[in-house]
Amino acid sequence: MHTNFQYFFITPLIIMLFFACENEKTLIGENFLNTGDYEVFILDDSLISINSTSAQEGGINQSELQIVNLLGSYEDPVFGHSEASFSFEVGLPNNDMNFNASSVQSAKITLPYIGYYGDSIAEFRINISQLTDNINYEIASNDTISSNIIYNNSGNISLLEIKDSGFLELEIPNEFIYNNILNLPNQLLTNDSTFKSNFKGLKLTSQTLNSGAIMYFNVTGEDALINVKYTDNEMQNQEINLPINGVKVNSFQLEDNNDLEGVDSLIFLQSMGGFISQIDLSFLNNFSDSGYAVNEALLSLDIHNNNDNLELPNKILFTDSNDSEISGGLLNVENKTYEVNIAQEVQKIITHSASPIINLYLSQRGANAERLILSNTVDNPIRLKLVLIKD
C-alpha cells in the first residue's frame, strides 16, 4: 500500500511540471536550453512586435561647445529643401584700439572648411548681412535672426575650389568696414564687450545653384578671421586681423513634412531639427515580474532603399526614455545595419516596469546635414535578438 501511494502522488506532480514547462515554452518560444544550473531562452521572432513613430523635431538648442557651423542648401528626394546659415560675433585684436584709419584697401572673411553633405560639384552665391541684435546661445536653430544685407554676391563660388583651398574667403565692402569698425569712436573700441555692444556681428546666407550641398566650417580657431588692409591718417599701410570669436549660432530652415509622420513602416531621421523617432517595446510588458535575467538584447535596424544612395551616417544615437545615451549605434558596413545592445534597458522594463520607449536621433544632429531612412516593414522589420536566463 505504501508503494502504491507514492506512485499516485508522483504521477500528478509530473503532469503539473510538464504543463508548467509547456506554458513557459508558449511564452518564450521553442529555443530552449537547460544547462542544469539555469535555463536559457532565445525569444522567438513571432513573439516580438516593435512599433515605430517619427516626428519633426523643430528647433535645436545650441551651446558654446558647438564647433561646427553650416552653410548652404540642398534638395533631398524624400525630405525636400534643407537650408543652413550661421551668425557670428567679431572681436577686436587688442583692447584700447585706435585704428586712426583714413581708407580701407581690402577686407576679407576667412573661414576654415572641414566638410560637406550633398553634391560635390555644388556652386553657391553667398550673401553677407549685419546683425541688428546681439546673439546668444538661447537662440534655437529655427529662430529668426534679424539682419540687414550688406553684400549680395553675384559671383559663383564652387565647392570644389573651397575643398581644394581648405577655406571659404569672402570679400566685404571696404566702405562698410570703415564706417562700422575702423571709424568707430575710441570709447567703443575699449574691449570686446564695448565693441560688440555696437557691432553685433555678421550673418552668412547662400543660394545654391544646382542640386546643392551644405558646407561645414570650424570657426573656433585662430584661422577664422576678418583680414583688413587699410591706410592710416599718416598715409602708412596697416593690416589687422579681427578674430571671429564669442557666440556663433546656426540657423536651419527645413521643408514641412507632416505627411511623413503618419508612415509607421519607415523610420525617418534628419539632422538640423528635422526628424527624430521612437521605437516602442511594449510587448516586453508580457514578461514583467517573470524572474528573467536579460543576457543579450541586440537591436538591429536595416537601412531602407540604400538611403537613396546618399551618404550613410557612421552612427545613430539611441537613448532611453530619460534621454540617457545607450552605448552603441554604429553602422555595420557589411550588413548595412545599425546595431545596439539594449540589455540593461530591457532588464529595467521587465523588472522595474520602466518605460518601453527608445529614442533615435542622428548623432551630432545640430552640426551636420545628414539624413537616414530605416525599415520597419512587415518583410523587413526591426529585429531584436533577446536572450533570457532563468535560474
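Values in this document were obtained by computation on a predicted structure and should not be read as measured data. (Residues numbered from 1 in each chain as written. Predicted model: local features only at pLDDT ≥ 70, side-chain atom pairs only at ≥ 80, totals over all residues. Heavy atoms only, no water.)

**Student:** Describe the overall build of the chain, listing the residues and the values that go with them.
**Tutor:** Along its length, the chain carries five helices and 25 strands. Relative to a compact globule of 391 residues, whose C-alpha radius of gyration would be 21 Å, the chain shows 30 Å and is clearly more extended. Each of the three principal axes of the chain carries a C-alpha extent, and together these read 125 × 40 × 35 Å. In the chain, the share of contacts with a sequence separation of at least 24, taken over all contacts with a separation of at least 6, comes to 80%. A total of about 19,400 Å² of accessible surface is found on the chain, and carbon and sulfur atoms cover 46% of it. Computing the positive centroid from 17 side-chain charges and the negative centroid from 50, the chain places the two 3 Å apart. (Helix = DSSP H or I, 4+ residues; strand = E, 2+ residues; numbered from the N terminus. Rg over C-alpha atoms; globule rule 2.2 N^0.38 Å. Contact = heavy atoms within 4.5 Å. Areas by Shrake-Rupley, 256 points an atom, 1.4 Å probe, with all protein chains shown as cover. Lys, Arg positive; Asp, Glu negative; His and termini not counted. Charge placed at Lys NZ, Arg CZ, Asp CG, Glu CD.)

**Student:** Could you give me a rundown of unusual backbone geometry, with the residues and numbers involved?
**Tutor:** Backbone geometry places Asp96, a non-glycine residue, at a positive phi of 55 degrees. Topologically, Asp96 is positioned in the loop between strand 5 (80-88) and strand 6 (101-118). Asp96 sits in the exposed class, given a relative accessible area of 60%. Even without being glycine, Met235 reaches a positive phi, approximately 65 degrees. (Buried < 20%, exposed > 50% of the residue type's maximum accessible area, 1.4 Å probe, protein only.)

**Student:** Run through the nonpolar core, naming residues and quoting values.
**Tutor:** The biggest cluster of nonpolar side chains holds 44 residues, and the ones touching the most others in it are Phe99, Ile109, Leu182 and Val228. It is strand 6 that provides the largest number of residues to this core, a total of six residues. Residues contacting Phe99, with those up to four places away along its chain left out, are Leu92, Ile181, Leu182, Leu189, Tyr230, Asp232 and Ile240. Core analysis: the next-biggest nonpolar cluster, separate from the first, contains 38 residues, Phe287, Val294, Leu312 and Ile350 among them. (Core = buried A, V, L, I, M, F, W, Y, C linked by side-chain atoms within 4.5 Å.)

**Student:** Outline helix 3 (residues 174-182), listing residues and values.
**Tutor:** Among the residues of helix 3, Phe176, Ile177, Ile181 and Leu182 are the ones counted as buried. Angularly, the buried residues of helix 3 cover 150 degrees about the axis, an arc narrow enough to put them on a single face. (Arc of directions from axis to C-beta.)

**Student:** I'd love a proper account of the confidence of the model for the chain, names of residues and values included.
**Tutor:** Overall, the prediction assigns the chain a mean pLDDT of 90, with 91% of residues at 70 or greater. Taken element by element, the chain is modelled with least confidence in helix 1 (residues 2-28), mean pLDDT 40, and with most confidence in strand 13 (residues 225-232), mean pLDDT 98. Note on residues 1-30: pLDDT is under 50 here. Beyond four places in sequence and across chains, it has 22 contacts. (pLDDT = per-residue confidence, 0-100.)

**Student:** Lay out the sheet that holds strand 23 (residues 357-362) in plain terms, naming residues and giving numbers.
**Tutor:** In any sheet, the strands associate via hydrogen bonds between backbone groups, in a parallel or an antiparallel arrangement. Spatial strand order, 3-17-23-19-20: five strands in an open sheet with antiparallel pairing. Unpaired on one side and paired on the other, strand 3 (51-56) and strand 20 (325-326) mark the two borders of the sheet. By the bridge criterion, four bridges tie strand 19 (residues 316-319) to strand 23 in an arrangement that is antiparallel. By the bridge assignment, Thr319 is partnered in strand 23 with Asn359. (Pairing = 2+ DSSP bridges.)

**Student:** Before we move on, can you summarise the pattern of salt bridges with the specific residues and values?
**Tutor:** Overall, the coordinates contain eight salt bridges when judged by the stated rule. Put simply, Asp302 and Arg383 hold a salt bridge, and the shortest N to O gap is 2.7 Å. One end of the pair, Asp302, is in strand 18 (residues 293-302); the other, Arg383, is in strand 25 (residues 383-390), with 81 residues separating them in the sequence. For Asp308, the salt bridge goes to Arg371, with nearest N and O atoms at 2.9 Å. With Asp308 in the loop between strand 18 and strand 19 and Arg371 in strand 24 (residues 371-375), this residue pair connects regions lying 63 residues apart in the sequence. Given the relative accessible area of 24%, Asp308 is considered partly exposed. Through salt bridges with shared partners, one network takes in Asp76, Asp308 and Arg371. (Salt bridge = Lys/Arg side-chain N within 4 Å of Asp/Glu carboxyl O.)

**Student:** Could you give me a rundown of the pairing of strand 17 (residues 275-280), with the residues and numbers involved?
**Tutor:** Covered by surrounding structure in strand 17 are Phe275, Ser277 and Ile279 only, the residues Ile276, Gln278 and Asp280 on the alternate face being uncovered. Relative to strand 17, strand 3 is paired through six bridges, and the arrangement is antiparallel. Its bridge partner being in strand 17, Gln56 is matched across the sheet by Phe275. One ladder, built from four bridges, connects strand 17 with strand 23; its direction is antiparallel.

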